[in-house]
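# Residue-level structure breakdown
What follows is the residue order along each chain.
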Amino acid sequence: MLDHGAAPPVVDTATPKTSALGALTRRKPVERLVMEGGQGEGGSLRRSLSMWQLTMISIGATLGTGIFVVLGDAAPKAGPAVTISFVIAGLTALFSALSYAELAGSVPVSGSSYSYAYATMGELIAWVCGWCLVLEYGVSVAAVAVGWGEYLNELLDGTLGITIPEQVSSPMGEGGFINLPALVVVLLAMVFLMRGAKESARINSIMVAVKIVTLLLFIGIGFLGIKGGNYTPLAPLGIMGISAGAATLFFSYIGFDAASTAGEEAKNPKRDLPRAIMLSLLIVTVLYVLVAFVAVGAMPWQDFGDTEAALAKIMTDVSGHSFWGVVLAAGAVVAIASVVFAVLYGQTRILFAMSRDGLVPKVFARVDTKSGAPRANVVIVSLFCGTLAAFIPLGKLADATSIGTLFAFGLVNVAVVILRRTRPDLPRTFKVALFPITPILGLLACGYMMFSLDTATWIVFGGWMVAGLVFYFLYGMRRSRLASDPAVAEAPAEK
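As the structure is a computational prediction, the values presented were derived from the model and not from experiment.

## Things to note about the pattern of salt bridges
Close approach of charged atoms lets side chains of opposite charge pair. One pass over the structure, following the stated rule, counts 14 salt bridges. The closest approach of N and O atoms between Glu123 and Arg26, which form a salt bridge, is 2.9 Å. Of this pair, Glu123 sits in helix H7 (residues 123–159) while Arg26 sits in the loop between helix H1 (20–25) and helix H2 (30–35), and the two are 97 residues apart along the sequence. Here Glu123 matches Arg26 in class, with each residue buried. Close ionic contact of Glu265 with Arg349 constitutes a salt bridge, the shortest N to O distance being 3.0 Å.

Dropping the structure here:
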């Protein structure tokens, strides 16, 4: 029975608290992501990049280290079948590239797969993805920079007859104390990136053109030195060797998604981002396979582990003149510098998006009004990556980067399936072929290659994930913009 004498119930008019589970699964509407595009602390990014410049950013971030440096790590694992390893790694990248292209055309923002996960799988998964991207982009900058010094030494030796002492050109554990050239190339990239996206894109396009010409020159000269006996036995270490080589070489495809990090600085992102992603992957894959085929034909696969400047050595040996080796080394110096440049750009834009969402400090979203660039972001990331480059060996960095990338790519394949189901009405300028088979194959391929990596790499990855989750629960979860405005996470567009 009702007690008519009782006081009326108190109605709580305060904003309802979000449950712990609700906080972890809150999603950010696609429309909100797009609406906030370019907005930062104190200024906005500028839309100045064409489709060609986006393609050059993607090629710039991809083409270089995998063929100039990491080939030396993969060839001893796969033997002459390293060419097949490149194809397998390329197919794995293709499945994910198709998913990236669809999402980039429908959610054209700087956060790349982090933002796609935020719109489809919720904040916790988005954070995990973003944390993997920090590993992918930030650490790969360092890994690429480490190999830059090898070719710089080849160039100095061939032109001036001098080399940088090992003590200051190799990281600890590899005969030196600090890799000074690696630190220098990261700091040079930092200086150029602080000038803004438009100026940076021009510099990048020039460097990309130089490295494509260099690789075509290598193919032409190296072809003359091919010996049929170098291709046999094709797979001395069997299928596992080919798989291990592919897992290592997947590192060399990291970067095709860099175009998606420029979503808020592209003139026509919905049209141009998918085209740039697919075109860059096609160009890079063709060049990789041709160069690898010529390289293992011109030099026994067992010799690749002796030097990280293998292509320059092949050019010198085949031609009989040191001049061509010097030319190749010069091209490699430019090529690897462009990878550092483009990947560092991608890292800063991902952190820009995460900062805007409140998951990392606001300083990363601060935009300089004069240049239109997140300068503080660029400086912090560059100093962090430069420190890693100076002191950590390349091999460990490359494998750690691969596992973080594979995990993020796997999430992109899941995201495209979820967004098709939850938002079938969303305009899409590109659609994945053979849906949902293609993204499922992409997810399985990423998983297979992750498990091809060694235990030590998994331990590093596990430690990185634990550190990321601790940071999220202590900082990001409470400071998230969706935490202060939970109604946004429940927008009708997401139902």
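## Here's the deal with the nonpolar core
Ile67, Phe68, Tyr151, Phe218, Phe304 and Leu311 are the most contacted members of the largest nonpolar core, which totals 151 residues. Take this core: its biggest share by element is 20 residues, from H7. With near-sequence residues (within four places) excluded, Ile67 lies in contact with Phe86, Leu215, Tyr288, Val291, Ala292 and Leu311.

## A word on the side chain of Asn179
Residue position: Asn179 is located in the loop between H7 and helix H8 (180–193). For Asn179, the side chain forms a polar contact with the main-chain nitrogen of Ala182, separated by 3.1 Å.

## Let's talk about a nonpolar patch on the surface
Together, Val168, Leu180, Val184, Leu188 and Phe192 make up an exposed nonpolar region whose accessible area comes to about 360 Å². The topology assignment puts Leu188 in helix H8. Leu188 sits in the partly exposed class, given a relative accessible area of 44%.

## Side note on the environment of Val367
Positionally, Val367 belongs in the loop between helix H13 (322–356) and helix H14 (375–391). Since its relative accessible area comes to 6%, Val367 is described here as buried. Residues within four places of Val367 in sequence aside, it is in contact with Gly40, Glu41, Gly42, Gly43, Ser44, Leu45, Phe352, Gly372, Ala373 and Pro374.

About the cut-offs
Residues numbered from 1 in each chain as written. Predicted model: local features only at pLDDT ≥ 70, side-chain atom pairs only at ≥ 80, totals over all residues. Heavy atoms only, no water. Salt bridge = Lys/Arg side-chain N within 4 Å of Asp/Glu carboxyl O. Helix = DSSP H or I, 4+ residues; strand = E, 2+ residues; numbered from the N terminus. Buried < 20%, exposed > 50% of the residue type's maximum accessible area, 1.4 Å probe, protein only. Core = buried A, V, L, I, M, F, W, Y, C linked by side-chain atoms within 4.5 Å. Contact = heavy atoms within 4.5 Å. Polar contact = N/O pair within 3.5 Å; in protein donor to acceptor, adjacent residues only side chain to side chain. Patch = residues over 30% accessible without salt bridge, like charges linked within 9 Å, V, L, I, M, F, W, Y side chains within 5 Å. Areas by Shrake-Rupley, 256 points an atom, 1.4 Å probe, with all protein chains shown as cover.

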